Amino acid sequence: MKPLADKIRPNTLDNIIGQKHLIGEGKIISNLVKNKKLFSMILFGPPGTGKTTLAYTLINELSLEYAFLNAVINSKKDFDEVTKIAKTKENFVLIMDEIHRLNKDKQDLLLPYLENGIITLIGMTTANPYHSINPAIRSRCQLFELKSLKEEDILEALKKVLTEFKDIKIDNEALSYIAQLSGGDLRNAYNTLEIAYYSSDNYNIDKELIKKINNKPNLYFDKNEDGYYDTISAFQKSIRGSDVQAALHYLAKLIAAEDMDIITRRLSVIAYEDIGLANPSIGPRVNAAINAAERLGFPEARIPLAEIVIDMTLSPKSNTAEMAIDRALSDINKGNTGKVPKHLKNGSRDYKYPHSYKGSFVKQQYLPDELVGKKYYIPKNSSKYETGLANVLAKIEKMQ
């Protein structure tokens, strides 16, 4: 039996829910249909926003012949077959799901046909095409972003499909709750409604039944896609930006996804990338919190994780260690290396051993001749600790 989402899929633009920035009077997609012209395009956006529906609707509205392929599942042989068919047709369209996973062999096969217009491509992806799609493919396509649907859009769609269910009894509270849980994913909302219908007593659906089926919001967390990485990015940037409320929000989102590994790895990165020398004791404290969280597991792990996130967010920040090593690496990558000074070479008798001198310091050159005076580490006065390092560095520089 077909899923509800497939059974009631619209076949005209007028019946598509949401995406008003693309569809409607004077909007770009509607104008393409009106002018009976289709260009290669990539439709990108979160799951359940109507990418597949829009692709099939365009085919239907323009009465075009097409083939459907999945970049992962279908083989190179399948792609060969499609290109053979395309050569014998006019205005042939290839609808391709998960286009961001298209491997090089398939890309090489497809590109000439896109170039000469034998194939018009409609690619679909939940990934950000600017980061994940081969530039050669991307440059031959128009990019259209589909946005998560609003709760009122989901509610409107749910009310429209109620006629598909015989003898259904459902109130507005239950429908609103499904819309709320969907997270802007219409397919998810349809699936929840369909499961509720067939698992109910006498087709009577209320909020309590929905809670038994699903009481957690639909979080867009495909680990291979952008929704996941956007949350991780926002988590780190909130800690870096000292916004404790936002940091806790994104932490909670990652906890709800029960992704201990990414939380702990990201905290370790932040400790050294964003806090660093402004608060060097944060590294051991992060490790202690990670150890406690991993021993406890969820749900108790949320407590040490929340504590360390608050601590890190409100800590002084410094990225001077990262900047210093990046400056040094930049010189290496540009070939600015020079030769090791003679007195520092292995076995040299001219080397002065600092511990043999007062204060464990002796004036001598360490950088290659070509780099004398080069500064990689530039301190910040964002904390007492790094201000102290800056003072030590200033004294050493005066003595050299």
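The following refers to the structure shown. Since the model is a prediction, treat every value here as computed from it, not as a measurement. All residue numbers refer to position in the chain's written sequence, counted from 1. Side-chain atom pairs in this predicted model are given and counted only at pLDDT of 80 or more, local residue features only at pLDDT of at least 70, and totals for whole chains, interfaces and linings cover all residues. Derived side-chain values reflect all non-hydrogen atoms in the structure, with water molecules and hydrogen atoms excluded from consideration.

Let us look at the overall build of the protein. Comment: elements are numbered from the N terminus, with helices defined as DSSP H or I runs of at least four residues and strands as E runs of at least two. Of the regular secondary structure elements, the protein holds 18 helices and 7 strands. For a compact globule of 400 residues, the expected C-alpha radius of gyration is about 21 Å, and the protein comes in at 29 Å, more than 25% above that figure. Each principal axis of the C-alpha distribution contributes one length, and for the protein these read about 90 × 55 × 40 Å. When each of the 400 residues of the protein is scored for burial, the buried share is 42%. Any two residues whose heavy atoms approach within 4.5 Å at even a single point are treated as in contact. Across the protein, the fraction of contacts at a sequence separation of at least 24, relative to all contacts at a separation of at least 6, is 73%. Here the open area of atoms and residues is found with the Shrake-Rupley method and a 1.4 Å probe, where only the protein chains shown may cover a residue. Total accessible area on the protein is roughly 22400 Å²; 50% of this is exposed by carbon and sulfur atoms. For the protein, the separation between the mean place of its 55 positive charges and that of its 50 negative charges on side chains is 8 Å. C-alpha atoms define the radius of gyration, and 2.2 Å times the number of residues to the power 0.38 defines the globule rule. Summary of the burial criterion: residues with accessible area below 20% of their type's maximum are buried, those above 50% are exposed, and those between are partly exposed, where the area comes from a 1.4 Å probe applied to protein chains only. All tallies of charge rest on Lys and Arg as positive and Asp and Glu as negative; His and the ends of each chain are not included. Where a charge lies is defined by one atom per residue type: Lys uses NZ, Arg uses CZ, Asp uses CG and Glu uses CD.

Here we take up the sheet that holds strand 5 (residues 142-145). The pairing criterion for strands is at least two bridges between them, as found by DSSP. Taken together, 5 strands build an open sheet; the order of strands is 2-3-4-1-5 and the sheet is parallel. Edge positions in the open sheet fall to strand 2 (66-70) and strand 5, since each of these has one partner strand only. This sheet shows a mean twist of 20° between the axes of neighbouring strands, independent of strand direction. As paired elements, strand 2 and strand 3 (residues 92-97) share 5 bridges and run parallel to each other. Residue pairing for strand 3: tyrosine 66 is matched across the bridge by valine 93. Set on the sheet, helix 3 (residues 51-62) makes contact with strand 1 (41-44), strand 2, strand 3 and strand 4 (119-125); between it and strand 4 the angle comes to about 160°. Axis lines are fitted through C-alpha atoms, for helices just across the contact stretch, and the angle between N-to-C directions can take any value from 0 to 180 degrees.

What follows is about unusual backbone geometry. Following phenylalanine 298, the chain continues to proline 299 via a peptide bond in cis, the omega torsion being 10°. With respect to the secondary-structure elements, proline 299 resides in the loop between helix 15 (282-296) and helix 16 (302-313). Positioned with a positive phi, aspartate 167 is a non-glycine residue whose angle comes to about 65°. As for its placement among the helices and strands, aspartate 167 is situated in the loop between helix 8 (151-161) and strand 6 (169-170). With a phi close to 65°, serine 242 is a non-glycine residue in the positive phi region. Inspection of the secondary structure assignment puts serine 242 in the loop between helix 12 (226-240) and helix 13 (244-256). Taking the relative accessible area as the measure of exposure, serine 242 reaches 37% and is therefore partly exposed.

Before going further, it helps to spend a moment on the packing of helix 8 against helix 10 (residues 186-199). One can describe the packing of helix 8 onto helix 10 by two numbers: an axis separation of 10 Å at closest approach and a directional angle of 40°. One way to sum up the angle between helix 8 and helix 10 is to call them oblique. Where helix 8 crosses over helix 10, the handedness of that crossing is right-handed. Residues Ile154, Ala157, Leu158 and Val161 of helix 8 form the contact with helix 10, whose own contacting residues are Leu186, Ala189, Tyr190 and Leu193. In the contact of helix 8 with helix 10, the residues fall into 8 nonpolar, no polar and no charged. When describing relative orientation, an angle under 35 degrees is termed roughly parallel and one over 145 degrees roughly antiparallel, while 65 to 115 degrees is termed roughly perpendicular and anything else oblique. The hand of a helix crossing depends on one turn: near helix anticlockwise from the far one by less than a right angle means left-handed, and clockwise means right-handed. Three residue categories are used. Nonpolar comprises Ala, Val, Leu, Ile, Met, Phe, Trp, Tyr, Cys and Pro, charged comprises Asp, Glu, Lys and Arg, and polar comprises the others, including Gly.

Attention now moves to a nonpolar patch on the surface. Note on patches: the residues involved have over 30% relative accessible area and no salt bridge, like charges join within 9 Å, and the nonpolar side chains Val, Leu, Ile, Met, Phe, Trp and Tyr join within 5 Å. What counts as a salt bridge is simple: a side-chain nitrogen of Lys or Arg found within 4 Å of a carboxyl oxygen of Asp or Glu. Taken together, the side chains of Tyr351, Tyr353 and Tyr366 define a hydrophobic patch exposed on the protein surface, amounting to about 330 Å² of accessible area. Along the polypeptide, tyrosine 353 turns up in the loop between helix 17 (320-333) and helix 18 (384-399). Residue class for tyrosine 353 comes out partly exposed when judged on its relative accessible area of 48%.

A separate point is the layout of surface pockets. The space that makes up the largest pocket amounts to roughly 750 Å³. Around the largest pocket sit 35 residues that line it, and Ala5, Arg9, Gly50, Thr53 and Arg187 are the ones nearest its centre. Elements represented by at least two residues in the lining of the largest pocket include exactly helix 1 (4-7), helix 3, strand 4, helix 8 and helix 10. At 4 residues, the largest contribution of residues to the lining of the largest pocket is made by helix 10. Partitioned by chemical class, the residues of the lining of the largest pocket number 13 nonpolar, 11 polar and 11 charged. Computed over the protein atoms alone on a 1 Å grid, cavities are sets of points where a 1.4 Å probe fits but cannot get out and pockets are open sets with protein on both sides within 12 Å along at least five of seven lines; a residue lines them when it has an atom within 4 Å of a point. Grid points are joined across faces, edges and corners, and a volume is the space filled by probe spheres set on the points.

Okay, the packing of helix 8 against helix 9 (residues 172-181) next. Two quantities define a packed helix pair, namely the angle between the axes and the distance from one axis to the other. Two elements in contact, helix 8 and helix 9, have axes separated by 9 Å at closest approach and are oriented at 125°. Comparing the axis directions of helix 8 and helix 9 gives the class oblique. Note that helix 8 runs across helix 9; the crossing there is right-handed. Taking contact as the criterion, the partners of Glu151, Ile154, Leu155, Leu158 and Lys159 in helix 8 are, on helix 9, Asn172, Leu175, Ser176, Ile178, Ala179 and Gln180. Taken together, the residues that form the contact of helix 8 with helix 9 break down as 6 nonpolar, 3 polar and 2 charged.

Counting along an α-helix, one turn takes 3.6 residues, and residues three or four places apart therefore face a common direction. Here a helix's expected span is defined as the number of its residues, less one, multiplied by 1.5 Å. Counted at 1.5 Å a residue, the expected span for helix 14 (residues 260-275) with its 16 residues is 22 Å, and the 21 Å between its end C-alpha atoms agrees. If you look at helix 14, its biggest bend is around 25°, right at valine 269. Every buried residue belonging to helix 14 is among Met260, Ile262, Ile263, Thr264, Leu267, Ile270, Ala271, Asp274 and Ile275, and all of these are buried. Glycine 276 sits one or two positions beyond helix 14 and adopts a positive phi of about 45°. The bend at a residue is defined as the angle formed between two axes, one fitted to the seven residues ending at that residue and one fitted to the seven starting there.

Let's shift gears to the environment of threonine 49. Relative to the elements of secondary structure, threonine 49 occurs in the loop between strand 1 and helix 3. Note: C-alpha distance between threonine 49 and leucine 186 (137 residues apart in sequence) is 6.4 Å. Leaving out residues up to four positions away in the same chain, threonine 49 has contacts with Gln19, Leu146, Lys147, Ser148, Leu149 and Gly184.

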